[in-house]
Each structure stands twice: as structure tokens, then as C-alpha cells.
Amino acid sequence: MVLETEDLRVDYGHVRALRGVSLKVRRGSLVTLIGANGAGKSTTLKAIIGLVRPSGGRVFFENRDITGRPTHKLVAQGLSLVPEGRHIFPDLTVRENLKLGALLIRDRREEERRLAEVMEMFPRLGERLNQKGGTLSGGEQQMLAIARALMQKPKVLLLDEPSLGLAPNLVQLIFEKLEELKRGGATILLVEQNAYQALRIADYAYVLETGRIALEGPAKALAEDRRVIEHYLGG
Ligand SMILES: Nc1ncnc2c1ncn2[C@@H]1O[C@H](COP(=O)(O)OP(=O)(O)OP(=O)(O)O)[C@@H](O)[C@H]1O
Ligand SMILES: [Mg+2]
């Protein structure tokens with residue numbers, strides 16, 4: 001198991017956001033965490049990568065206990081989060097944004113190699129290297145956020161609702177890119193409200209309800225589960 005949480009709990013003051021979340025991510029797999037607004041999906045990712053402090057439970061990365069470790073250390077060790085809402089730098093160019101994802105790389109040639117790799121994956125970005133991030137379309141900004149995370153070749157990519165607010169054709173494109181990453185051997189923990197698409201591409205899925213895992217199983221099985229169909233796949 002490359003990533004694992006064990007009975008993870010997070011409280012925001014008196015709000016109990018996570019009430020004991022245990023999940024596992026196998027190397028090379030795509031695991032999805034689905035659930036309604038406020039279920040605790042973003043909190044789970046933030047607790048994993050050290051942006052919020054758990055009030056209980058453990059996080060293991062490559063079998064080491066990383067609970068409460070600072071985010072920058074976890075990033076250096078190979079965890080990367082693409083947060084909800086595409087945090088790119090609007091006044092920097094696409095190239096500058098991508099280079100910020102490669103700050104930990106000392107070797108210039110290696111940086112150029114990775115730049116070439118992500119441009120191959122996202123040709124639209126390659127065509128817009130000198131354009132300001134803020135002038136990209138919403139879908140292009142989301143691709144930039146993902147590409148920037150990939151610049152550091154993370155061992156595990158954490159994605160928080162990459163399809164949020166995108167037009168259907170761009171949603172499709174984002175999911176195609178995630179499938180492509182998966183075929184390339186990437187390990188991904190994907191948070192999504194688009195349960196249909198997420199279950200279609202994932203190997204394994206967890207359903208989060210008010211801070212607890214309500215259901216889990218192989219994604220194909222969950223996509224056929226009556227409760228999932230009723231509550232998350234629009235009947
Ligand atoms: N900084 C905070 N302070 C107080 N409460 C918070 C904070 N962040 C999140 N919460 C609460 O914790 C719960 C879980 O929030 P979280 O953002 O993890 O949900 P989510 O599943 O990602 O929802 P969404 O699908 O809307 O993004 C919610 O009730 C939310 O209001
Ligand atoms: Mg969220």
C-alpha cells in the first residue's frame with residue numbers, strides 16, 4: 001500500500017468533519033472518493049498532505065507514519081495535491097507556472113525534459129507557454145494545475161474535483177487525461193462529485209457520508225450498487 005489512512009479524524013472547532021476515515025491506495029491504482037457537498041472529501045486530502053491537523057488517526061505513506069508532517073516535506077517525498085478550484089498564478093505565464101511545479105528539481109535538463117513530457121500530454125499548454133495563466137480558459141487552467149503537479153513526478157497524485165465547473169467536453173477531456181496517466185502507471189487518489197465519470201475510470205471507490213466511509217468496493221461494483229445509483233448517479 002503506498003498510501004493509507006487509519007481511522008482519520010478531523011475537527012474544525014465543534015464541527016466533526018472526519019469521524020474515522022480508513023482508506024487504502026495501492027501503487028499504480030486509481031482510487032476515487034465520492035460524496036455530497038460537505039461530506040469531508042477535501043478535508044481528507046488536506047489531512048493526508050498536512051494542510052489540516054488530524055485530531056485522531058494515522059496517515060501512512062510508503063508504510064511510514066506521516067501523520068501531521070509538514071506539507072513541504074510530504075511534497076518533497078512525493079505527494080502532490082491539485083487543490084479544489086485551480087490555484088494557478090494568473091499573472092505568470094504557463095511556462096512560469098509549470099516551472100514552479102519543478103522547484104525541487106536542481107537539474108535544468110531534467111526540468112526541460114519534464115516540461116517536454118507534460119507538453120506532450122497537454123498540447124494545448126504547449127501552444128500557450130508564453131500566455132498568462134489567468135487568460136487561459138477554465139479547462140486549460142485545470143490542465144495547467146494538473147500539469148504543474150506532474151512536473152515533480154509525484155509518487156501519489158491527490159486531485160480535488162478536477163472536473164468542477166467545466167463544460168461537458170472539457171470534463172470528458174480531463175477524465176481522458178486521468179485515464180492516460182493511469183495507463184502510464186500513475187497512482188491517483190481522485191475526489192469527485194462527478195460519480196459517474198469517477199467510477200468509470202477508477203479501480204476502487206469509497207463513498208463518504210458526513211465524515212464516514214458509508215460504502216466501499218471495486219468501482220465497477222459500486223457503480224451497480226442500488227444505493228450509489230439512487231444517491232450519486234441520479235437514480
Ligand atoms: N476551515 C474550516 N472551518 C470550519 N469548518 C470547515 C472548514 N473546512 C471545512 N469545514 C466543514 O467541514 C465539513 C467538510 O468539508 P469539506 O470541504 O471537506 O467537504 P467536501 O466533501 O470537500 O465538500 P465539497 O464537495 O462541497 O467540496 C463541512 O461541513 C465544512 O463546512
Ligand atoms: Mg471539497
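None of the values given here were measured: they were computed from a predicted structure.

K.L.:
Explain the site of ligand 1 here, please?
P.N.:
In the neighbourhood of ligand 1, 13 residues make up the surrounding shell, with Asn37, Gly38, Lys41, Ser42 and Thr43 lying closest. One nitrogen or oxygen atom from the side chain of glutamate 84 is found 3.2 Å from an oxygen atom belonging to ligand 1. At 3.1 Å from an oxygen atom of ligand 1 is found a side-chain nitrogen or oxygen belonging to glutamate 161. A total of 640 Å² of accessible area belongs to ligand 1 in isolation, and the protein chains cover 63% of it.

K.L.:
What should I look at first to understand the sheet that holds strand β5 (residues 64-65) in this one?
P.N.:
Strand-to-strand pairing in sheets goes through backbone hydrogen bonds, with the strands running parallel or antiparallel. If you trace the four strands from one edge of the open sheet to the other, you get β2-β1-β4-β5, paired in antiparallel fashion. In the strand order of this sheet, the two ends are held by β2 (15-25) and β5, each with one partner. Of the pairings in the sheet, the one linking strand β1 (residues 3-12) to strand β4 (residues 56-61) comprises five bridges and is antiparallel in character. Bridge pairing links glutamate 4 to phenylalanine 60 in β4. On top of the sheet, helix α1 (residues 41-48) reaches β1, β2 and β4; it is set at about 115° to β1, its chief contact.

K.L.:
Would you mind going over the sheet that holds strand β7 (residues 156-160) with me for this structure?
P.N.:
An order of β6-β7-β8-β3-β9-β10 is seen for the six strands of this open sheet, with the pairing classed as mixed. Taken across any chain shown, the strands that pair with only one partner, and hence form the sheet edges, are β6 (79-82) and β10 (212-218). Between one strand axis and the next, the sheet turns by 15° as a mean value, whatever way the strands run. Pairing of strand β3 (residues 30-35) with strand β8 (residues 188-192) involves five bridges; the strand directions are parallel. Note on β8: the bridge partner recorded for valine 31 is leucine 189.

K.L.:
What's the story with the coordination of the magnesium ion (ligand 2) in this structure? I'm lost.
P.N.:
With distances of 2.0 to 2.3 Å, the protein atoms coordinating the magnesium ion (ligand 2) are Ser42 (OG) and Glu84 (OE). Of this pair, serine 42 sits in helix α1 while glutamate 84 sits in the loop between β6 and α3 (94-100), and the two are 42 residues apart along the sequence. The exposure class assigned to serine 42 is buried, which follows from its relative accessible area of 16%.

Reading the values: rules and limits
Numbers given for residues are sequential positions, taken from 1 along each chain in its written order. By the order in which they are written, chains take letters starting at A while ligands take numbers starting at 1. In keeping with the predicted nature of the model, local features appear solely for residues at pLDDT of at least 70, side-chain atom pairs appear and are counted solely at 80 or more, and the whole-chain, interface and lining totals rest on all residues. Values shown for side chains rest on all heavy atoms present in the structure; no hydrogens or waters enter the calculation. The criterion for a residue being near a molecule or strand is simple. One of its heavy atoms has to lie within 4 Å of it. N or O atoms closer than or at 3.5 Å make up a polar contact, with two conditions inside protein: a donor-capable atom paired with an acceptor-capable one, and, for residues adjacent in sequence, both atoms drawn from side chains. Computed by Shrake-Rupley with a 1.4 Å probe, the accessible areas treat only the displayed protein chains as cover when residues are assessed. In this analysis, strands are considered paired if DSSP registers two or more bridges between them. To qualify as a helix, a DSSP run of H or I must reach at least 4 residues; to qualify as a strand, a run of E must reach at least 2; elements of each kind are numbered from the N terminus. It only takes one pair of heavy atoms within 4.5 Å for two residues to be counted as in contact. In this analysis an axis means a line fitted to C-alpha atoms, helices contributing only their contacting stretch, and an angle means the value between N-to-C directions, from 0 to 180 degrees. For Na, K and Ca the donor cut-off is 3.2 Å; for every other metal, N, O and S atoms count as donors within 2.8 Å. Water does not enter the count, which can leave sites looking incomplete. Exposure categories follow from relative accessible area, calculated using a 1.4 Å probe and restricted to protein chains: below 20% of the type maximum is buried, above 50% is exposed, and the middle band is partly exposed.

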